[in-house]
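Report on the structure
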Amino acid sequence: MRPKDAALAVTNLVPRFRLDSIRNQIFAFAVLATLIPSFSTTWLSYSQNKRSLQEKVRSQLQSVSSETGRELDLWLKERLYELRVFASSYEVSENLDRVSKSESQAQRRLNDYLNSVRVRFADYEELMVVDRQGRVVATSAPQAAPVNLPVDWASDIRAGNPAVGEPYWDESRHRVVVIAAVPIHVASGRLVGAFTAKINLRTVDDVLKRFAPVSSNPLYVITTEGRVITTSRSGSAEPMRAALPPATAQALLDHESGILEYTGLDHESVVGSLHRVPRLNWAVVAEIPTQEAFRQVIRLRNAMILILTALLVGVGLIAYILGLLIVRPVNRLAQGAAKVAGGDLDVDLPVPSGGEVGYLTEVFNNMVTRLREGRHALDAINETLRKKNEELEQLSITDGLTKLYNRRYLMERLATEIQRYRRHKRAFSVMMADVDHFKPYNDAHGHLAGDEILTRVGTILREVAREGDCSARYGGEEFVVVLTETEPAGAAEFCERLRARLATELFEGGKITLSIGIAEFPIHGDTPEKIIAAADAAMYRAKREGRDRIVLASPKRADETTKKRV
């Protein structure tokens, strides 16, 4: 890499690791200068010790597992040799041949022979003679029972080979046993049956205990599927319930004569090595707890961590002191600038005594003071503009004389109430009122008196109406109130309160009355225009029927009245 490219790469790393501040750069330099040589030296020593210890553990476990495997292979050879010797006895071959010819004395002689052999050899739980079909002809047990022969025993026996079955738990003897069988031939060479033995694993247990004298370093004999046959701790007197996970067993088989770290039968981390047993579908597993195996390495690792932690604390303390002496004023200035950039102008930094940083802090404080004054002036202008906009918005929806909502806002509110009805199915009513004899009153007393009537009617509407209702001047002397979530009966009560309140008012020309029409959405109209038209029609009915009254709209009459007015 060219020097220019290397410098560019370092420059790109600066913002990524936040090395753009002086304090971080000092801290990074101190950390690198202290930790790199310390870490490199310690890691090199740690790696070498770990490799050496791994090799030592591997050699130890491999030696134990391989020697145990050879002992088990020798044990099996001795048992098969003994069975062949027993099977070659004249007492066995000739008497088995005679039993097939239904001679009862021959069977007794076979049983006696088997019992005499069984007494002298403790490795056999039971000795049996079976015919070529697998039926028990003679046994050392008190009673004959079917024997669990290996799957391919017949073909092995016919070929002159011994047959050895899988180990299993014998409930009657409460221990793990193995079935083995060798062929029985008569003098002429004819195959007449098999000499079969139910072999216990006491000798295997003794072998395991001899090669694993320390209880914390157990030895296991397992099948290739991971089932535990016997262990150096409990022997073969426990049922074959424990098992290594299939993945662990397969990994051990794949790394035969090597070492592997895994979770053992006691659910703790162990280091183990496996060695297959020839002639059997078995394997010997030697284990040692990981903590015990790598105790020296763990101590070295802990010491390394402690040293590095102490170095980090020391470097951090030095960096902190340097930060207080050198970097703190600069950081304070940078934080103040960040607050100002974020909109916070309530910043007043303490000025350190003398130096370039002190002068820069004074300039910064003066600049913030100017910005704060400018913001106050701008806030005052914005507040004035906001109030003007609110006034303009209110004027756009309000009638200038009565201070009620105007017709444009009324139609928008009706559209909103219709949408709300479609969502929640809550009906509402519309009331339209007209001041009776307003035009003659206006002509007789002047426009100012007429305006006073309209203004006071609007005031009364605001007082009587609820907060959620919408009171508007529809035009001229006509007023409309949208009564939310109100049926005609409730609207009629509202109108009565309005008339009663208006009756208490005294005007220059006497009492003022209203002709009122009520329409309900959607019964009397399903659009803003139709509901207004229905209320308008009801109001004109009230006028025709004598004024100063309340009339509920009907759909047909509303349509007819609308057509007449058009």
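Structure: see above.
Attention here is on the structure that accompanies the text. This one's a predicted model, so the numbers in the text were calculated from it and none came from an experiment.

1. Regarding the environment of Leu-498
Within the secondary structure, Leu-498 is located in helix α14 (residues 488-503). Distance in space between the C-alpha atoms of Leu-498 and Ala-465 is 8.7 Å, their sequence separation being 33 residues.

2. Description of the sheet that holds strand β9 (residues 260-263)
Strand order across the open sheet formed by five strands is β8-β7-β11-β10-β9, with antiparallel pairing between neighbours. Each edge of the open sheet is held by one strand with a lone partner, namely β8 (228-231) and β9. The average undirected angle you get between the axes of adjacent strands in this sheet is 35 degrees. Of the strand pairs in this sheet, β9 and strand β10 (residues 269-277) are connected by four bridges, and their pairing is antiparallel.

3. Observations regarding helix α11 (residues 407-424)
For α11, built from 18 residues, the straight-helix expectation of 26 Å at 1.5 Å per residue is met to within 8% by its first-to-last C-alpha distance of 26 Å. One or two steps after α11, the chain reaches Lys-425, where phi turns positive at roughly 60 degrees.

4. Some words on the packing of aromatic side chains
Counted by the stated rule, this structure contains eight aromatic pairs. Ring plane angle 50 degrees and centroid distance 5.8 Å describe the contact between Phe-86 and Phe-195, whose orientation is recorded as tilted. Placement of the pair is Phe-86 in helix α2 (residues 22-87) and Phe-195 in strand β6 (residues 191-200), with a sequence separation of 109 residues. As far as the burial class goes, Phe-86 and Phe-195 line up, both buried.

5. Comments concerning the pattern of salt bridges
A complete count under the given rule lists 34 salt bridges for this structure. Glu-55 serves as the salt-bridge partner of Arg-58, at 2.7 Å between the closest nitrogen and oxygen. Highlighted residues: Arg-58 and Glu-55, both in helix α2, separated by three residues, approximately one helical turn. Judged by relative accessible area, Arg-58 falls into the partly exposed class, the value being 25%.

6. Description of the sheet that holds strand β14 (residues 478-483)
Within the open sheet, the five strands sit side by side as β13-β14-β12-β15-β16. Their pairing is mixed. Of all strands in the sheet, those bounded by a partner on one side alone are β13 (470-475) and β16 (550-552). Across the sheet, the axes of successive neighbouring strands diverge by a mean angle of 20 degrees, strand direction being ignored. Relative to β16, strand β15 (residues 514-521) is paired through three bridges, and the arrangement is parallel. By the bridge assignment for β16, Ile-516 is matched with Ile-550.

7. Section: helix α15 (residues 528-544)
Along its 17 residues, α15 runs 24 Å from first to last C-alpha, staying within 8% of the 24 Å computed at 1.5 Å per residue. Where burial is concerned, most of α15 is hidden: 12 out of the 17 residues are buried. Among all positions in α15, only Pro-528, Ile-531, Ile-532, Ala-534, Ala-535, Asp-536, Ala-537, Ala-538, Met-539, Arg-541, Ala-542 and Lys-543 are buried.

8. A few points about the pairing of strand β12 (residues 428-435)
With respect to burial, β12 is a largely interior element, eight of its eight residues being buried. Side chains of β12 alternate between two faces, with Phe-428, Val-430, Met-432 and Asp-434 and Ser-429, Met-431, Ala-433 and Val-435 buried alike. Sheet topology note: the β12/β15 ladder contains eight bridges and is antiparallel. Considered in β15, the bridge of Ser-429 is made with Glu-520.

9. Side note on the packing of helix α12 (residues 438-445) against helix α13 (residues 447-464)
The N-to-C vectors of α12 and α13 enclose an angle of 135 degrees; their axes lie 6 Å apart at closest approach. By the angle between their directions, the pair α12 and α13 is classed as oblique. Along its contact with α12, which presents Phe-438, Tyr-441, Asn-442 and His-445, the element α13 presents His-447, Ala-449, Gly-450, Ile-453 and Leu-454. Here the contact of α12 with α13 is built from residues that sort into five nonpolar, four polar and no charged.

The rules we used
Residues numbered from 1 in each chain as written. Predicted model: local features only at pLDDT ≥ 70, side-chain atom pairs only at ≥ 80, totals over all residues. Heavy atoms only, no water. Helix = DSSP H or I, 4+ residues; strand = E, 2+ residues; numbered from the N terminus. Pairing = 2+ DSSP bridges. Axes fitted to C-alpha atoms, helices over the stretch in contact; angles between N-to-C directions. Expected span 1.5 Å × (residues − 1). Phe/Tyr/Trp six-rings, centres within 6.5 Å; stacked < 30°, edge-to-face > 60°. Buried < 20%, exposed > 50% of the residue type's maximum accessible area, 1.4 Å probe, protein only. Salt bridge = Lys/Arg side-chain N within 4 Å of Asp/Glu carboxyl O. Parallel < 35°, antiparallel > 145°, perpendicular 65-115°, else oblique. Contact = heavy atoms within 4.5 Å. Nonpolar A, V, L, I, M, F, W, Y, C, P; charged D, E, K, R; others polar.

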